[in-house]
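Structural description and commentary
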Amino acid sequence: MNHTTFVLFGATGDLAKRKIYPALYHLYIHGKLPESFAVIGLGRKELSDETFRAHVKQSLHDFYRLEVKDDETLQSFLGLFGFNILHIDRQADFVQLKERVERREQGVGGTSNRMFYLSVAPNFFGTIASQIEQSGLGSVTGWKRLVIEKPFGHDLVSARELNSQLSQAFTEDEIYRIDHYLGKPMVQRLEALKQANPVIQALWSSRYIANVQITADETVGVEERAGYYDQAGAVRDMFQNHMLQLLMMLSIHVSNGNAKAVNIRSKKKNVLESLEPLARQDVHRHIVRGQYAAGAIQGKEVIGYTSESGISPDSMNDTFIAAKLQIDNYNWRGVPFYIRTGKRLKSKNTRIVIEFKEPLGSSTPAKDSSVPNLLVFEIGPNEGITLLLNTNDPNHKGEFKQVHIDMFPDRMEAEEAYETLIHDALNGDSTFFVHWDEVDLSWQWVQPILEAFAAKEVPLYSYEAGSNGPEAANELLARDGFHWWFDD
Ligand code: BG6
């Protein structure tokens, strides 16, 4: 029988307890983990296996989305877990870890697979990868895989440096880069919807689409992450990764039956390669940046960004970014893609709106009462798809009224992002993971923005917490004769 060891760096951290243990538990109770499976948690403080299991159990009670029964299943799940102390600069700790992993593998026989999940700060990635290599932990009879999460670098140079460190120990095929937006059920549905529906496929081009709007608004502020966020800003925290991934997933064309990882990833790469490059001197015309001031969100007063603990009063960091992008390829030439994301906005909402063109060549008699057709993908926190159509208004002859065709998929049907992604990584399916080419190309595209921001060549607009962001983000669309939908 094959045996798989899930080696978790950062096992007492926040991500592990909120996402990774609940996801593993979900996969376990649904019979989706490998038959012979063990988790070794690693951390800097000594913990007995028992104490670690109690920690995992508590995490499930606190964070699994359904009730966790204290039954035999839970006990056998917890029995998969063990803990080792590990300081990443102590080679002896890696050797001990290797011995423990090997003991268990020898007990089972068969081939051994090892998945290294790095739930630690990115500045440790390089060292961990080389320790894995040097200690022999990376020598397996089956497969080995490395799972890491964003941020993948701070800019183009640091991303390349990190990648060259990782590639000394792991090949590109062995690296699974998580962008949790790619695990969101609606993002995965986008792919299926386009592939399986000729109605959608036929409309998916500049012939019918006037513009695309991708919004990820948040109500939370900087939270406890001042140190990281004040260096990152919305451009690195959300835009370079999640937002560009949404743009790629929306705009790729994959024909039916051709949705293999390699096809999807190469189509995504083509999209990034076709993005019209942004020269530094043009950044101020295509990009709006903002920072939240004090205000009220859903009736609750909140302080401004520069009054947050850990943020310097003269910080020029962006907590909001809006952008206009163009994809210069056959399907999308001439269709603006507007993207915006920010903290301390009016509501928590991630959605994509496709605005269709006016009926071809027509000037409809009741034009004033018709609105463009819209196709709306609600990605989170609620999921749904809505199509807005015009129909005749029986009460006002000659006028139109809008009808909504709604579909709300059953929430419980879908798995959580981490459940899907960990399952895929264990199965070697990299479709919804980020390829290095995407990281490299997205940093290349974003680099002039980082430079223009650093040189203060782009105004930093203040916006009131609880608003829809700075007015300049509205002007970005107004210049093209459009406006953001659903802002009221
Ligand atoms: C993370 C960012 O990647 O995504 C956070 O670091 C942000 O700042 C979060 O809050 C948003 O994710 P979601 O799934 O809540 O939209």
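Residues numbered from 1 in each chain as written. Predicted model: local features only at pLDDT ≥ 70, side-chain atom pairs only at ≥ 80, totals over all residues. Heavy atoms only, no water.

Let us look at the packing of aromatic side chains. Enumeration according to the criterion identifies 20 aromatic pairs in this entry. Measuring from ring centre to ring centre gives 6.1 Å for Phe-6 and Phe-37, while their planes differ by 55 degrees; the resulting arrangement is tilted. Placement of the pair is Phe-6 in strand β1 (residues 3-9) and Phe-37 in strand β2 (residues 37-43), with a sequence separation of 31 residues. As far as the burial class goes, Phe-6 and Phe-37 line up, both buried. (Phe/Tyr/Trp six-rings, centres within 6.5 Å; stacked < 30°, edge-to-face > 60°. Helix = DSSP H or I, 4+ residues; strand = E, 2+ residues; numbered from the N terminus. Buried < 20%, exposed > 50% of the residue type's maximum accessible area, 1.4 Å probe, protein only.)

This part takes up the confidence of the model for the protein. For the protein, per-residue confidence averages 93 on the pLDDT scale, and residues scoring 70 or more make up 97% of the total. Across the predicted assembly, pTM comes out at 0.95 and ipTM at 0.99. (pLDDT = per-residue confidence, 0-100.)

This brings us to the site of the ligand. The local shell around the ligand consists of Lys-150, His-180, Tyr-181, Lys-184, Glu-218, Arg-225, Asp-237, Met-238, His-242, Lys-343 and Lys-348. In this structure, an oxygen atom belonging to the ligand sits 2.7 Å away from a side-chain N or O atom of Lys-150. Relative to its unbound accessible surface of 400 Å², the ligand loses 79% to contact with the protein. Taken together, the residues of the shell around the ligand sort by class into 2 nonpolar, 2 polar and 7 charged. (Near = heavy atom within 4 Å. Polar contact = N/O pair within 3.5 Å; in protein donor to acceptor, adjacent residues only side chain to side chain. Areas by Shrake-Rupley, 256 points an atom, 1.4 Å probe, with all protein chains shown as cover. Nonpolar A, V, L, I, M, F, W, Y, C, P; charged D, E, K, R; others polar.)

It is worth spelling out the pattern of salt bridges at this point. By the definition in use, this model includes 30 salt bridges. Residues Glu-218 and Lys-348 are paired through a salt bridge, measuring 3.8 Å at the closest nitrogen-oxygen approach. Taken together, the residues Glu-218 in the loop between β7 (209-217) and α9 (226-251) and Lys-348 in the loop between β12 (336-342) and β13 (349-356) connect sequence positions 130 residues apart. Overall, the relative accessible area of 12% leaves Glu-218 in the buried class. Of the residues examined, Lys-348 reaches a relative accessible area of 38% and is grouped as partly exposed. A network of salt bridges, in which partner residues are shared, links Asp-14, Lys-17 and Arg-18. (Salt bridge = Lys/Arg side-chain N within 4 Å of Asp/Glu carboxyl O.)

Bringing the UniProt feature "active site" (unreviewed entry) in the protein into the picture now. Those places that UniProt annotates as "active site" (unreviewed entry) correspond, in this numbering, to His-242. Here His-242 lies in helix α9. Among residues more than four places away in sequence, those in contact with His-242 are Lys-150, Asp-179, His-180, Tyr-181 and Asp-237. (UniProt positions renumbered as here; feature names shortened; annotations may be inferred. Contact = heavy atoms within 4.5 Å.)

We now examine the sheet that holds β7. With mixed pairing, the 9 strands of this open sheet are ordered in space as β16-β15-β14-β13-β7-β12-β11-β8-β17. The two strands at the open ends of the sheet, each matched to only one other strand, are β16 (400-407) and β17 (460-464). Strand-to-strand twist across the sheet, computed as the mean angle between neighbouring axes with direction ignored, equals 20 degrees. Bridge count for strand β8 (residues 287-293) against β17 is 5 bridges, and the pairing is parallel. Looking across to β17, one finds that Arg-289 is bridged to Leu-460. (Pairing = 2+ DSSP bridges. Axes fitted to C-alpha atoms, helices over the stretch in contact; angles between N-to-C directions.)

Burial within strand β14 (residues 374-380) is extensive, with 7 of its 7 residues counted as buried. Bridge count for β13 against β14 is 6 bridges, and the pairing is antiparallel. Of the residues in β14, the one forming a bridge with Ile-354 is Leu-375. As defined by bridge partners, β14 adjoins strand β15 (residues 384-392) across 5 bridges and the pair is classed as antiparallel. Looking at β15, one finds that Leu-374 is bridged to Leu-388. With antiparallel pairing between neighbouring strands as the criterion, β14 and β15 make up a hairpin whose turn holds 3 residues.

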